[in-house]
Amino acid sequence: MTPIVKRVLQQNELSGNKLSKRQLIGVEGMKRNNNKMLISLSVAALSLGMATVASAATLDEVKQRGNLNCGVNVGLSGFSSPDADGQWQGLDVETCRALSSAIFGDPDKVVFTPLTAKERFTALQSGEIDVLARNTTWTATRDNSLGLNFTTTTFYDGQGFMVSKDLGVSSLEDLGGASICIQSGTTHELNLADYFPSKGIEINTATFDTPDQTASGFASGRCDVLTSDTSQLSALRLQLPEPDSVEIMTQLISKEPLGPVVRQGDDQWFNIVKWTVFAMVNAEELGVTSDNAEQMQSDPPNPQVARLLGGDGNYGEQLGLGNDWAYNIVSQVGNYGEVFEDTVGANSPLKISRGMNALWDQGGILYAPPIR
């Protein structure tokens, strides 16, 4: 008999009451439930302590190492590819450089690790890289079952199709019996399996490991159609021997929100990566550019700009960074609009229009929480 039962019996005997067997069992149950609650609270406290220790792990490791390890595509024009001098360029590359600016005040303290679609998640899970910025689609399975967290969206895309103009195709319904080139290890395979059988359309597929191999297969006639995100199709089109001989169809069969990914269990790092992107978006909305950031910091036109550029508040300290974190991002790398136009937009060979990637008040869906 446990002490708590003895105490209850003594109290009831003194008052002239007797407990039945069922009541005794109930008292014992209360004891067990209380023990379980104490154990649960202890485990929760221990977990909270472990989470607190882990929360600074990635940032501390990056600072101690002196550089950021960023996983990128092996070569996709506009997003991540080395130029003639071996310098990496593209939208995803600039995201990594912006993160480096936020941490070090220097956009060039980045080591880029080129990864195929099959390699990317393993490289992040194993700790080989600190962040994955590799035109990767945010899905429920990837976000919930791989031990990874998608931070935010840097490019809203959709799966499209590129065909030869000579093929005479005007809609996806005309692709019955066609052979389609596709990169393995991507959401595009699943999207094809969802879409065409539901329409009663039979297709054949030819899979490749990299975007370049996929484009080469299409150019050599291994398939009639090449499918990928429309942004990737725009890039691959430029690699073809005769880019003007093909066209990208207007029909899309999926939503493809692309953005950087981090490991789960490090909330501070998760916040740093997503707020790096948010700072670039907010900067564009507020009219802060790489050219005027210094002047805006010294003489902010409104409280929003003052908060963004570190003149008011301690928003950098909240992230474990300096309060000039966002100023460094914008002055050294640029706001979102600048980066977009230079890598995939009007100032780039791809000439992709802003479309959905325009700001929310300019016809798009790009939106960042306020810094306040």
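Provided above is the structure to which this section pertains.
Residues numbered from 1 in each chain as written. Predicted model: local features only at pLDDT ≥ 70, side-chain atom pairs only at ≥ 80, totals over all residues. Heavy atoms only, no water.

### Here's the deal with the packing of aromatic side chains
As enumerated under the stated definition, the model contains 9 aromatic pairs in all. Relative to F155, the ring of F79 lies with its centre 5.3 Å away and its plane at 80°, an arrangement referred to as edge-to-face. In this pair, F79 is assigned in the loop between strand 1 (68–73) and strand 2 (81–82) and F155 in strand 7 (residues 155–157), connecting sequence segments 76 residues apart. Residue F79 is classed as buried on the basis of its relative accessible area, which comes to 1%. What makes F155 buried here is its relative accessible area of 3%. Members of the aromatic cluster, connected to one another through ring pairs, are F79, F155, Y336 and F340. In this structure, R354 is placed above the aromatic ring of F340, and the distance from its NZ or CZ to the ring centre is 5.1 Å. (Phe/Tyr/Trp six-rings, centres within 6.5 Å; stacked < 30°, edge-to-face > 60°. Helix = DSSP H or I, 4+ residues; strand = E, 2+ residues; numbered from the N terminus. Buried < 20%, exposed > 50% of the residue type's maximum accessible area, 1.4 Å probe, protein only. Lys NZ or Arg CZ within 6 Å of the ring centre and 35° of its normal.)

### Regarding the sheet that holds strand 12 (residues 246–248)
Taken in spatial order, the 5 strands of this open sheet run 10-9-11-8-12, and their pairing is mixed. In the strand order of this sheet, the two ends are held by strand 10 (204–208) and strand 12, each with one partner. Between one strand and the next, the sheet's axes are offset by a mean angle of 25°, whatever the strand orientation. Sheet analysis places strand 9 (residues 179–183) next to strand 10, joined by 5 bridges and oriented parallel. The residue of strand 10 that forms the bridge with C181 is A206. Against the sheet, helix 9 (residues 230–237) engages strand 8 (159–164), strand 9, strand 11 (225–229) and strand 12, with an angle of about 125° to strand 11. (Pairing = 2+ DSSP bridges. Axes fitted to C-alpha atoms, helices over the stretch in contact; angles between N-to-C directions. Contact = heavy atoms within 4.5 Å.)

### Here we look at the side chain of S228
With respect to the element layout, S228 can be found in strand 11. Non-local contacts of S228, meaning those with residues more than four positions away in its chain, are made with G158, Q159, G160, H188 and L233.

### A few points about the state of the cysteines
One covalent bond between the sulfur atoms of two cysteine residues makes up a disulfide. According to the stated counting rule, one finds 2 disulfides in the structure shown. Disulfide partner of C70: C96, at an S-S distance of 1.8 Å. Of the two residues, C70 is situated in strand 1 and C96 in helix 4 (residues 91–104); the sequence distance between them amounts to 26 residues. Pair check on accessibility: C70 and C96 agree, each one buried. Note on cysteine connectivity: C181 is disulfide-linked to C223, with sulfurs 1.6 Å apart. When the S-S torsion is -100°, as for the bridge of C181 with C223, the disulfide is left-handed. Note that C181 is positioned in strand 9 and C223 in the loop between helix 8 (211–219) and strand 11, a separation of 42 residues in sequence. Numbered by order of appearance in the sequence, the disulfide-linked cysteines of the protein chain pair as 1-2, 3-4. (Disulfide = S-S within 2.5 Å.)

### Observations concerning the side chain of T153
In this fold, T153 is placed in the loop between strand 6 (148–150) and strand 7. The exposure class assigned to T153 is buried, which follows from its relative accessible area of 9%.

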